[in-house]
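# Structural overview
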Amino acid sequence: MYYDALRTFVTLAEVKNFTKAAEILHISQPSVSLHIKNLEKEFQTKLFIRSPKSLKITPTGEILYGRAKQIIHIYEQTKQDILEHHHDVKGKLTIGASFTIGEYILPSFLVDFQAQYPNLKLEVVIGNTEEIVQSVRLFKVDIGLIEGQTNEKELLVEPFMDDELFIAAPKGHKLTGRKEARIEDLHNQVWVTREEGSGTREYLEHVIRSNGLKVESFLTISSNQGIKETLISGMEALSLLSLHVIERDLTNKVLSIIPLKDHTFKRKLSMVYSPAMKSKMNVAAFVEELSKR
């Protein structure tokens, strides 16, 4: 069984120092070296390139790193599942969520979910869609909630709700005075948008491409709140944001939306998780409750 060797390898790959790895794992430095040597013999490849001043993982080491994270997580989860009563939802559930979901949709759901499962310890990790998918793949989170789809064939993707987006603008923008704007009115605009890897950014780029819109410039901000504050401050720019993100700002009349003739912007919000997680009681309970929304 190579569990201990894989755990040593993952730790060394992350800290890139034999002494630190030994301290973290509470083993000797020669033991760390032996574990790596045994893995290199097993896989017939070099996992690290060593030099007096640095330790660099090799391309084949990168391949093993991703798989090792998965193996370790499945092993540890199996131990937990065997020790737990399978009919009882308890322990810990780590949820990854994209910014729009994690900041504006998930909190109210978690209040009810926590009340229903008081013995369950919840942890939420927020990142952009690309980061959350990667965290799911590497088992850094038990389940992810993302905007749209993913091309990861090894993961299960299930839509859980519809989301509508609107073109948001500062009060006083030249387009806000119109009862209804046309798609052509969006030519040569400044757009304040999320970073690459964000589901909202990907959707905006799809809208721009599919309608042949010319863009004056992009201002990229990796935060929905940052985007809103930029618009509220009066920048003559537009953004495409979920209604969940701007609902309060519209009520408080600090932002406006620009309705478009013959155009609506809708997408699916999805759960994404590994097939290995399907039998985990905590994940199953979360999926079931979220699907009821």
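Now for a look at the structure at hand. (Residues numbered from 1 in each chain as written. Predicted model: local features only at pLDDT ≥ 70, side-chain atom pairs only at ≥ 80, totals over all residues. Heavy atoms only, no water.)

### Observations concerning the overall build of the protein
A tally of helices and strands in the protein yields 11 helices and 11 strands. For the protein, the C-alpha atoms occupy an extent of roughly 70 × 50 × 30 Å along the three principal directions. Taking all 293 residues of the protein together, 47% fall into the buried category. For the protein, long-range pairs separated by at least 24 residues make up 74% of all intrachain contacts whose partners lie at least 6 apart in sequence. Accessible surface computed for the protein: about 15,600 Å², of which carbon and sulfur atoms make up 51%. Computing the positive centroid from 38 side-chain charges and the negative centroid from 38, the protein places the two 4 Å apart. (Helix = DSSP H or I, 4+ residues; strand = E, 2+ residues; numbered from the N terminus. Buried < 20%, exposed > 50% of the residue type's maximum accessible area, 1.4 Å probe, protein only. Contact = heavy atoms within 4.5 Å. Areas by Shrake-Rupley, 256 points an atom, 1.4 Å probe, with all protein chains shown as cover. Lys, Arg positive; Asp, Glu negative; His and termini not counted. Charge placed at Lys NZ, Arg CZ, Asp CG, Glu CD.)

### Here's the deal with the packing of helix α2 (residues 18-25) against helix α3 (residues 29-43)
At a minimum axis separation of 8 Å, α2 and α3 run at an interaxial angle of 100°. When the axis of α2 is compared with that of α3, the two are roughly perpendicular. Every residue of α3 that contacts α2 at F18, T19, A21 and A22 is listed here: Q29, V32 and S33. Grouping the amino acids of the contact of α2 with α3 by side-chain chemistry returns 4 nonpolar, 3 polar and no charged. (Axes fitted to C-alpha atoms, helices over the stretch in contact; angles between N-to-C directions. Parallel < 35°, antiparallel > 145°, perpendicular 65-115°, else oblique. Nonpolar A, V, L, I, M, F, W, Y, C, P; charged D, E, K, R; others polar.)

### Here's the deal with the pairing of strand β5 (residues 143-147)
For β5, the tally of buried residues reaches 5 of 5 residues, placing the bulk of the element in the interior. Side chains I143, L145 and E147 of β5 all project onto a buried face; the interleaved residues G144 and I146 project onto the opposite face, where all are buried too. Looking at chain direction, strand β3 (residues 91-98) and β5 are connected through 3 bridges and run parallel. For I95, the partnering residue across the bridge sits in β5 and is I143. The sheet contact formed by β5 and strand β11 (residues 265-273) spans 4 bridges and is antiparallel. From the neighbouring strand, G144 faces β11, where its bridge partner is V272. (Pairing = 2+ DSSP bridges.)

### Some details on the pairing of strand β9 (residues 239-242)
Residues of β9 alternate between two faces, with S239 and L241 on one and L240 and S242 on the opposite face, all of them buried. Two elements, strand β6 (residues 156-170) and β9, share 4 bridges in a ladder whose sense is antiparallel. Within the sheet, the bridge partner assigned to L165 lies in β9 and is S242.

### Some details on the pattern of salt bridges
A pair can form between side chains of opposite charge whenever their charged atoms are brought close. Scanning the entire structure with this criterion turns up 12 salt bridges. A salt bridge links E14 to K69, with the nearest nitrogen and oxygen atoms 3.3 Å apart. Of this pair, E14 sits in helix α1 (residues 3-15) while K69 sits in helix α4 (residues 59-83), and the two are 55 residues apart along the sequence. We classify E14 as partly exposed; its relative accessible area is 43%. Taking the relative accessible area as the measure of exposure, K69 reaches 17% and is therefore buried. One salt bridge connects R194 with E195, and the closest N-O pair in it is separated by 3.0 Å. On the accessibility criterion, R194 (1% relative accessible area) is buried. Beyond isolated ion pairs, a larger network of salt bridges with shared partners links E147, D163 and R267. (Salt bridge = Lys/Arg side-chain N within 4 Å of Asp/Glu carboxyl O.)

### Quick word on the environment of E202
Residue position: E202 is located in helix α8 (residues 199-210). Using a relative accessible area of 51% as the deciding quantity, one classes E202 as exposed. Sequence separation of E202 and K174 is 28 residues, and the distance between their C-alpha atoms is 26 Å.

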